[in-house]
Structures are given as C-alpha cells and as structure tokens.
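# Structural overview
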Amino acid sequence: MSTYTRRRLTDAPFLAAATGAAPSRRPVWFMRQAGRSLPEYRELRAGIGMLESCFDPELVCEITMQPIRRHGVDAAILFSDIVVPLKAAGIDLDIVPGVGPVVAAPVRTQDDVRALPRLRPEEVGAVTEGVRLLTDALGQTPLIGFAGAPFTLASYLVEGGPSKHHERTKAMMHADPKTWHELLGVLTDITIVFLQAQLAAGVDAVQLFDSWAGALSLADYRTYVLPHSERVFAEIADSGVPRIHFGVGTGELLGAMGEAGADVVGVDWRVPLTEAVRRVGAGKALQGNLDPAILFAGPEAVEAEARRIAAEADEAVTMGAAGHIFNLGHGVLPDTDPGVLTALVELVHEL
C-alpha cells in the first residue's frame, strides 16, 4: 500500500498515545465532534442531504475542520457515514432524517448476498479527494479515517434499517450460518477497500466502528463476527498507522475485540478504564470514556467526571495499557452545548 502522501506528525499527542509513546499532553477528540451540535454545521448543511454531503469533497473538508477550529481537539475524524461505501458500491439505500440508514431491498437469502455489488476504489474518489484536501488543511493535526465493521453493516442490510433487537440478523446467523459468513465476507471486502482507499489518500489513523456489536453474546461474537473483523485489521496492518476498534455496549466483548487486531480499543462509559485494561489485556491503548449525557450536567459535574476518568486512565497505564486517548463513551449528542466541549478540551489538556 502506498503511503507516500502521509504526513510525518512526530509530535502529535494523539498518535503518541495511540502507539505507546509519551504524549506532550493528554490527547482528546470526540466521536461525532463534527455535526449537529455545531451551529456552523447546521448552517452549512441546510437543504443538503447527508449522503450528498458525504460525497462532496469540499463539504467533507469543511465539516471535518469545523471542530478543529472551534474546540482545538487533537485529532480530526473524517466526516462520512458508515454506509457510504455501501452506497458507493451501488446498494440502494438512503439516510432518512430522524431514522437513519434505510435499505430499499434488505438482504435475506444467499441469492441476495451473491447479488451484492463489490466496491472499487474509484467509487469513493470523492471521499479520498476530501482526505487529500484535509491533509493540506490540517497542518499538524492527525486525521482519522473510519469504516463500519462488517457486522454492523450486515445488520443494516439484513434488517433494512436500524433495529432494536436485530432479530433478523441473529436469525440468519444461527439458521443459515453459511449465508451469514458469505455476507460478512462480502462486507469485509468492501470495508477493506474503503479503508485502504483512505489510507492511500493520507489518513493518519483509522477507526472501525462496530456500533451494534453490543447486541451480541460473547459466544456469538467470537463465532460469527470476530474472524471478519480480524481480517479487516490484518489487511491494513502494513499501513503502519494506529488502528482503533470501538463499539457501544461492548463491555462483555472487550477482550475479544482487543484480539481482533486493533492498537487502540475504545471503551464506552459503562466500564471503568481500570477494568477495561484487565479485559483487553496489556499492550494496547484505551480510548474513552466520558458519558456524553454528563455534558448536560453543568461544569462542576463535567470537571469531576473528566478528572475521574483521567485518574482511571493513568492507573490503567500503570496496569499495562499502552496509553490513553480521552474521548466520550459514544458520540456527541445533538443538543450538546459546543462551549462545554471546548471547555472540556481545555481541561483535559491540563490534566
């Protein structure tokens, strides 16, 4: 894989913490830091659909830059959506406001799986052009690329959209494991192509979001999901950039998710970082894990929780974690006051 476009960011605190080096300050960024919590984002996106925005390189660049300018976070994350590679490959879907991704023809049979298109790198050319614009605009701030993990993509395709119980997904896993693994194989291929395209364009790290993996038991995760996530991480291992793995409600899966091959494991707010390092094992960095709802509780509560998490993180490092990247335990909620985030960044940098 060509990495000739990647910048040398030897002093970036985010990259240092992710790779086991000593950062000059505690790094912090926020999942969903670009988006509805920012008035400048809402103004820019007025009248423009989500997927349309994701395929406009100039918009991708500007939206990704907004929280960098406003908050001074230590990493940017590419503005995109986990269904972008599916849309780019030719799958008929849309992101419906207030609902989420909706798939026109859900995937339920082996014939459906075999009819799925594959992704070609040129089909995400708008995304990679956005990455190139960003590597020029960001200066010394690292850029995180990302993709949805195969299981989470499969859940959207099988259910036809967001699901509370993932009943059709779990039914396929158990009733027709051959078709399930064939589906996950196709989605793994798509995910790898999407991440490799971002890496070739110059992202400095990647994060694999397995948003819905927390719906699974550990046994199901190991049997039906882990081998495919392992292949994603293995195929991008030669990129030389930090690889992050994150899911929501995945406390019982942290050990297995750590085995998938990431260098950094994201932790939601349910599990203390000191317990997370026990489950993940030594040698990997941790990312997290302030509950995003705490941002509504007032400055004293935010400060107290941030200090608690920083102290837990420091203890986790003494227990064998390679480093700590401060983040939320999930994404920024839409009604969050941007000023609270800016103040939190300033606080974390002092801790």
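Small disclaimer: the values here were computed from a predicted structure and weren't measured.

## Section: the sheet that holds strand β7 (residues 264-266)
A sheet is described by the order of its strands in space; here seven strands give the open sequence β1-β4-β5-β6-β7-β8-β9, paired in parallel fashion. Of all strands in the sheet, those bounded by a partner on one side alone are β1 (76-77) and β9 (324-328). Where β1 meets strand β4 (residues 143-148), two bridges bridge the pair, whose relative direction is parallel. Looking at the pairing, Ile 77 lines up with Ile 144 of β4. Strands in contact with helix α12 (residues 226-235) are β5 (205-209) and β6 (243-246); relative to β6, the strand with the most contacts, it is inclined by about 160°.

## Focus: the UniProt feature "domain: Uroporphyrinogen decarboxylase (URO-D)" (unreviewed entry) in the chain
Mapped onto this numbering, the UniProt entry gives "domain: Uroporphyrinogen decarboxylase (URO-D)" (unreviewed entry) at residues 27-36 and 144-160. With 0% helix and 0% strand, residues 27-36 has its two end C-alpha atoms placed 23 Å apart.

## Points about the packing of helix α9 (residues 167-175) against helix α10 (residues 177-201)
It is the contact of α9 with α10, at a shortest axis distance of 5 Å, that shows an interaxial angle of 115°. The residues of α10 that touch α9, namely those facing Thr 169, Met 172, Met 173, His 174 and Ala 175, are Pro 177, Thr 179, Trp 180 and Leu 183. Within the contact of α9 with α10, the residues separate by chemical class into six nonpolar, three polar and no charged.

## Quick word on the side chain of Arg 45
In this fold, Arg 45 is placed in helix α2 (residues 39-45). With no salt bridge to any partner, buried Arg 45 finds its closest opposite charge in Glu 52, at an N-O distance of 7.7 Å. In this structure the side chain of Arg 45 is engaged in a polar contact, spanning 2.5 Å, whose partner is the side chain of Tyr 41. Residues contacting Arg 45, with those up to four places away along its chain left out, are Met 50, Ser 53 and Ile 63.

## A word on the environment of Gly 323
Position of Gly 323 relative to the elements: it lies in the loop between α15 (299-318) and β9. Note: C-alpha distance between Gly 323 and Met 257 (66 residues apart in sequence) is 17 Å. Contact partners of Gly 323, with chain neighbours within four places excluded, come to Ala 17, Ala 285, Leu 286 and Val 317.

## What about the UniProt feature "binding site: substrate" (unreviewed entry) in the chain?
Per the UniProt record, the feature "binding site: substrate" (unreviewed entry) sits at Arg 32, Gln 33, Ala 34, Gly 35, Arg 36, Asp 81, Tyr 156, Ser 211 and His 330. Across 299 residues in sequence, these annotated residues place their C-alpha atoms as far as 23.4 Å from one another, rather than forming a single compact spot. Considered against the largest pocket, the annotated residues that line it turn out to be Arg 32, Gln 33, Ala 34, Gly 35, Arg 36, Asp 81, Tyr 156, Ser 211 and His 330. As for its placement among the helices and strands, Ala 34 is situated in the loop between α1 (13-18) and α2. Leave out the neighbours within four places in its chain, and Ala 34 touches Ile 63 and Pro 67. Secondary-structure assignment places Arg 36 in the loop between α1 and α2. In this structure Arg 36 comes out as exposed when scored by relative accessible area, which is 53%. Non-local contacts of Arg 36, meaning those with residues more than four positions away in its chain, are made with Tyr 41, Arg 42 and Pro 334.

Criteria and cut-off values
Residues numbered from 1 in each chain as written. Predicted model: local features only at pLDDT ≥ 70, side-chain atom pairs only at ≥ 80, totals over all residues. Heavy atoms only, no water. Pairing = 2+ DSSP bridges. Helix = DSSP H or I, 4+ residues; strand = E, 2+ residues; numbered from the N terminus. Contact = heavy atoms within 4.5 Å. Axes fitted to C-alpha atoms, helices over the stretch in contact; angles between N-to-C directions. UniProt positions renumbered as here; feature names shortened; annotations may be inferred. Nonpolar A, V, L, I, M, F, W, Y, C, P; charged D, E, K, R; others polar. Buried < 20%, exposed > 50% of the residue type's maximum accessible area, 1.4 Å probe, protein only. Lys, Arg positive; Asp, Glu negative; His and termini not counted. Salt bridge = Lys/Arg side-chain N within 4 Å of Asp/Glu carboxyl O. Polar contact = N/O pair within 3.5 Å; in protein donor to acceptor, adjacent residues only side chain to side chain. 1 Å grid on protein atoms, 1.4 Å probe; cavity = no way out; pocket = protein on both sides within 12 Å on 5 of 7 lines; lining within 4 Å.

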